[in-house]
Structures are given as C-alpha cells and as structure tokens.
Amino acid sequence: MNTTADDAPHIAFLGLGSMGAPMARRLLAAGHPVTVWNRTPGKTRALAEAGAVPAASPAEAVREADLVITMLADPAALRAVAEDLLPALRPGTHWIDTSTVGPQAVRDLAGRLPSGVLLTDAPVMGSVDRAASGELWVLAGGPLPGPVRRVLNTLGEVTECGPAGSGAALKLVLINAVIGGVALVTEALELGSALGLPEELLRSELARGPLAGAVARAYAEGSHFPVALAAKDVDLARGHAELPVLEAVHGALTARPELAARDLAALRPVR
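So, here is what we can say about the structure in this document. Just so it is clear, the structure is predicted and the values come from calculations on it, not from any experiment. (Residues numbered from 1 in each chain as written. Predicted model: local features only at pLDDT ≥ 70, side-chain atom pairs only at ≥ 80, totals over all residues. Heavy atoms only, no water.)

### What about the side chain of Thr98?
Part 1 of the reasoning: With respect to the element layout, Thr98 can be found in the loop between β5 (94–97) and α5 (103–110).
Part 2 of the reasoning: Residues contacting Thr98, with those up to four places away along its chain left out, are Met23, Ile69, Thr70, Met71, Ala122, Pro123 and Val124. (Helix = DSSP H or I, 4+ residues; strand = E, 2+ residues; numbered from the N terminus. Contact = heavy atoms within 4.5 Å.)

Take a look at the structure:
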C-alpha cells in the first residue's frame, strides 16, 4: 500500500526492537508520517535517517498521532509505556497493540483508555524477515475501521479474530504451539543422536511428518525470537489452563540462561 502524505494517518510507533524497527520502516516506506520512540534512544537513529521523527518520551510521540502502534516486550513494558502516554492521547486516536501480552493485559489497557480512544489488539506471527517484507500474520481483535485495516495490511495478512482481546488470545495459542513444537523436535534430535543416527537423516525424515513446520523453525535462519521471550509467552499461557507439556517446555527454556538472548533455534542440540 502506497499512501500520499496528504491522506496518510500520522503514526506513533513505540518499541523499536528486532520486530518493531522493521515494522516501522515498512510504514515509512508506505508513505506514512511516523514518529518513533524507544526506551533506548539510540535505536531511533536509523529510522530518523529514513525519515521518522524521534520523540523523547511516549507522551511526546503520541501527542499529534492519529494511530498509535506499540510493539513491546511484555505486559510490564506495556503498562510502563501506558502510564506515560495515556494522558497525552487525543479523542479520536486509535491504539494498535502488536505486542504479545495476553488477553488480560489487553483488557486492563482497554479499561484505562480516555474517552474517544479505541484499542485494537493485533499481535503478529512471523519473525524479523517477514516483518521487513510485510508478510506478517496479523491477528486482530477489536474494532477495525478502514484506516486501521489499511495500516495493518501494510504489515501483512490480517485475520479478524473477534472482540478486543481475541487477537491476543489466539497469539498465545499459536506461539505456544510453535514453541512446544520446536522443543519436541529438539528432544527427537537428542533421542536420535543417542541412538547413533546422523542429524541430516533425522532432520529430513522428521520434516516429512506432522512436525514439518516445527523442524523448519528449529533450523530457521534470519529469524530472531529470543528464548527469553519464548519463555515469557509460555508463562503467559500457563496462567490460563493446566498445560503440563508446556510446563516442561518452560523448564527447558529457562534451564540455560546463556541462551536467553539467542533465537529459539538455539535450543537445537549442537554436535
């Protein structure tokens, strides 16, 4: 979607981590005026060079915005940013939260919005490569007026999930299926190694079965989904149901602190 400067909504994008930065860059390339903020100010520099306007605080970022997009690490980060920006939101502003924070955090945020401000939860599936190419899978819950849908279409394919919080709920289901699948592939590789089978044979034959997608993710390159964030996503899911398999997966994700900042594929055994 290419947009002229005259009809493009002004976007405030908060959170320029490995996912947020390429998403904000996509919106700039589509012709949107974008103001950016990040807790670490240095991360705004590259986007400022591409045409974004850096802001010194969340409140400053959203003051003139038509749409606010947040891509933050966890519920605590979302709450901290909300504390600063909520008083600065103008009536008519639409907030799109693309973070993975779970439905309760979305409901809590919706209950704090000023009059005339709407919220859509729109977490995404896909890693940095898909964020850069505009091929994310966007899981949208809540209102989707035309300008919001057009902006989300710039980021990827939009699935309408239902009322507010439903996008966040579906994201928990899907991301935990991915994390659990990668953990299971890891154990299958460990078992195969213990039985003396070569890794390439194990990889090719596992990829022919129902775990094909998980095998592909376990060997993915160009992705960046830190193990620490995967553990956070599993922890969010554990609060909603008894999940003994994911309990074990959470233990595996947190057992090796040295992997916390590495991509989920680092769980794969190294020979």
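### Remarks on the nonpolar core
Part 1 of the reasoning: Phe13, Met19, Met23, Leu27, Val138 and Leu152 are the most contacted members of the largest nonpolar core, which totals 28 residues.
Part 2 of the reasoning: Mapped onto this core, the elements with two or more residues apiece are β1 (11–14), α1 (20–29), β2 (34–37), β4 (67–70), α6 (128–133), β8 (136–141) and α7 (146–155).
Part 3 of the reasoning: Excluding anything up to four places from it in sequence, Met23 contacts Phe13, Met71, Thr98, Ala131, Leu136 and Leu155.
Part 4 of the reasoning: The next biggest cluster of nonpolar side chains, apart from the first, holds 26 residues, and it includes Ala12, Ala55, Ala59 and Leu78. (Core = buried A, V, L, I, M, F, W, Y, C linked by side-chain atoms within 4.5 Å. Buried < 20%, exposed > 50% of the residue type's maximum accessible area, 1.4 Å probe, protein only.)

### Quick notes on the packing of aromatic side chains
Two measures describe an aromatic ring pair: the distance that separates the ring centres and the angle between the ring planes.
Part 1 of the reasoning: Evaluated as defined, the whole model comprises 0 aromatic pairs.
Part 2 of the reasoning: Its end group placed over the ring of Tyr219, Arg203 keeps NZ or CZ at 3.9 Å from the ring centre. (Phe/Tyr/Trp six-rings, centres within 6.5 Å; stacked < 30°, edge-to-face > 60°. Lys NZ or Arg CZ within 6 Å of the ring centre and 35° of its normal.)

### Structural notes on a nonpolar patch on the surface
Part 1 of the reasoning: Taken together, the side chains of Leu191, Leu195, Leu197 and Leu201 make up a nonpolar region of the molecular surface, amounting to roughly 380 Å² of accessible area.
Part 2 of the reasoning: Assignment of secondary structure puts Leu197 in the loop between α8 (166–194) and α9 (199–206).
Part 3 of the reasoning: By relative accessible area, which is 36% here, Leu197 ends up partly exposed. (Patch = residues over 30% accessible without salt bridge, like charges linked within 9 Å, V, L, I, M, F, W, Y side chains within 5 Å. Areas by Shrake-Rupley, 256 points an atom, 1.4 Å probe, with all protein chains shown as cover. Salt bridge = Lys/Arg side-chain N within 4 Å of Asp/Glu carboxyl O.)

### A few points about the environment of Leu206
Part 1 of the reasoning: As for its position among the elements, Leu206 is in helix α9.
Part 2 of the reasoning: Discounting chain neighbours no more than four positions away, the residues touching Leu206 are Ala188, Leu189, Leu211, Ala212 and Val215.

### Observations concerning the packing of α1 against α7
Part 1 of the reasoning: One way to put it is that α1 packs onto α7 with a least axis distance of 9 Å and a crossing angle of 115°. As for the relative orientation of α1 and α7, their crossing is right-handed in sense. Seen from α1, the contacting residues are Met23, Arg26 and Leu27; seen from α7, they are Val151, Thr154 and Leu155.
Part 2 of the reasoning: Classifying every residue of the contact of α1 with α7 gives 4 nonpolar, 1 polar and 1 charged. (Axes fitted to C-alpha atoms, helices over the stretch in contact; angles between N-to-C directions. Left-handed = near helix turned anticlockwise from the far one by under 90°. Nonpolar A, V, L, I, M, F, W, Y, C, P; charged D, E, K, R; others polar.)

### Focus: the environment of Leu202
Part 1 of the reasoning: Tracing the backbone through its elements, the reader meets Leu202 in helix α9.
Part 2 of the reasoning: When the C-alpha positions of Leu202 and Leu189 are compared, they lie 6.7 Å apart, and in sequence the two are 13 residues distant.

### So, the side chain of Thr44
Part 1 of the reasoning: Tracing the backbone through its elements, the reader meets Thr44 in the loop between β2 and α2 (45–49).
Part 2 of the reasoning: With residues up to four places along the chain from it excluded, the contact list for Thr44 reads Leu16, Val36, Trp37, Asn38 and Pro54.

### Overview of the pattern of salt bridges
Part 1 of the reasoning: Throughout the structure, instances matching the rule amount to 10 salt bridges.
Part 2 of the reasoning: Of the charged contacts, one joins Arg217 and Asp263 as a salt bridge, the two residues approaching to 2.7 Å between their closest N and O atoms. Of this pair, Arg217 sits in helix α10 (residues 212–218) while Asp263 sits in the segment after α12 (244–254), placing them 46 residues apart in sequence. Neither residue differs from the other here; Arg217 and Asp263 are each classed as buried.
Part 3 of the reasoning: Close ionic contact of Asp235 with Arg238 constitutes a salt bridge, the shortest N to O distance being 2.5 Å. Taken together, the residues span about one helical turn, with Asp235 and Arg238 both in helix α11 (residues 227–238) at a distance of 3 residues.
Part 4 of the reasoning: A relative accessible area of 39% places Asp235 in the partly exposed class.
Part 5 of the reasoning: Overall, Arg238 belongs to the partly exposed group, its relative accessible area being 26%.
Part 6 of the reasoning: What emerges from the salt-bridge pattern is a single network uniting Asp235, Arg238 and Glu247.

### A closer look at helix α4 (residues 75–85)
Part 1 of the reasoning: When we look at burial in α4, the residues that qualify are Pro75, Leu78, Val81, Ala82 and Leu85. Taken down its axis, α4 places every buried residue within 125° of arc, on the same side. Counted as exposed and oriented over 90 degrees from the buried face of α4: Ala80 and Glu83. (Arc of directions from axis to C-beta.)

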